[in-house]
Amino acid sequence: ALSRKSDPLRQRESVNDIVSETLGLVRQELAHHEITLKVELLALTGEVNVDRVQLQQVIINLIINACHAMAGAEARNRVLYVRTWVVGGAAVVEVADQGLGIAPEVLPSLFTPFFTTKENGLGMGLSICRSIINFHDGQIWATSAVGRGTSFKFSLPVLGRGARAQRPTPNDHARITHSMDVP
């Protein structure tokens, strides 16, 4: 299903359901990397108009990147946090690792095509994630503390009672950015 070649099928979906299902798909990878998973799904009203498979691709990419970021850490320090919540008009998903972090001067380039911090990376994963999130009228960004880890967050407009999405306001974005930080 994740490798299908068809037009995106956007429909009303629960952010929490998509995240839960995706975590089931990557459990083996997390076990292989000896990563402890901490999940907090608080987006109880977080229904969004998305292509489920595309959103799963974004989440999987962020989780795999987090696994790689923690590869050099002691097993007891390999903790991956996956959280969801709703603030203002947005459902937010966070994938946060406890890796080495990313230098501040590198952060602005993370979503640029062909930019990579990995020895054998292509530099396409985060660029594709950004394209998918933008296609869904959302935003994606990263914050990092060198030596403490990195947090990737993306927000998507939540659906109201009707079928139209409510776009987050600039005030909502400020609250999203500061409402949960790297653990």
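Residues numbered from 1 in each chain as written. Predicted model: local features only at pLDDT ≥ 70, side-chain atom pairs only at ≥ 80, totals over all residues. Heavy atoms only, no water.

A. The packing of aromatic side chains, seen in detail. According to the stated counting rule, one finds one aromatic pair in the structure shown. Judged by centre distance (6.2 Å) and plane angle (85°), the rings of phenylalanine 111 and phenylalanine 152 are edge-to-face. Highlighted residues: phenylalanine 111 in the loop between β5 (90-96) and α3 (125-135) and phenylalanine 152 in strand β7 (residues 149-159), separated in sequence by 41 residues. Looking at phenylalanine 111, the relative accessible area reads 9%, which means it is buried. Classification of phenylalanine 152 as buried rests on a relative accessible area of 7%. The aromatic ring of phenylalanine 135 is capped on one face by arginine 10, whose charged end is 5.1 Å from the ring centroid. (Phe/Tyr/Trp six-rings, centres within 6.5 Å; stacked < 30°, edge-to-face > 60°. Helix = DSSP H or I, 4+ residues; strand = E, 2+ residues; numbered from the N terminus. Buried < 20%, exposed > 50% of the residue type's maximum accessible area, 1.4 Å probe, protein only. Lys NZ or Arg CZ within 6 Å of the ring centre and 35° of its normal.)

B. Local environment of the nonpolar core. Counting residues in hydrophobic clusters, the biggest one holds 37 residues, and the most contacted among them are Leu55, Ile63, Leu80, Leu110, Phe152 and Phe154. Taken together, the elements giving at least two residues each to this core come down to α1 (15-32), β3 (47-51), α2 (52-69), β4 (79-87), β5, α3, β6 (139-145) and β7. Of the residues forming this core, the biggest block, eight residues, is contributed by α2. (Core = buried A, V, L, I, M, F, W, Y, C linked by side-chain atoms within 4.5 Å.)

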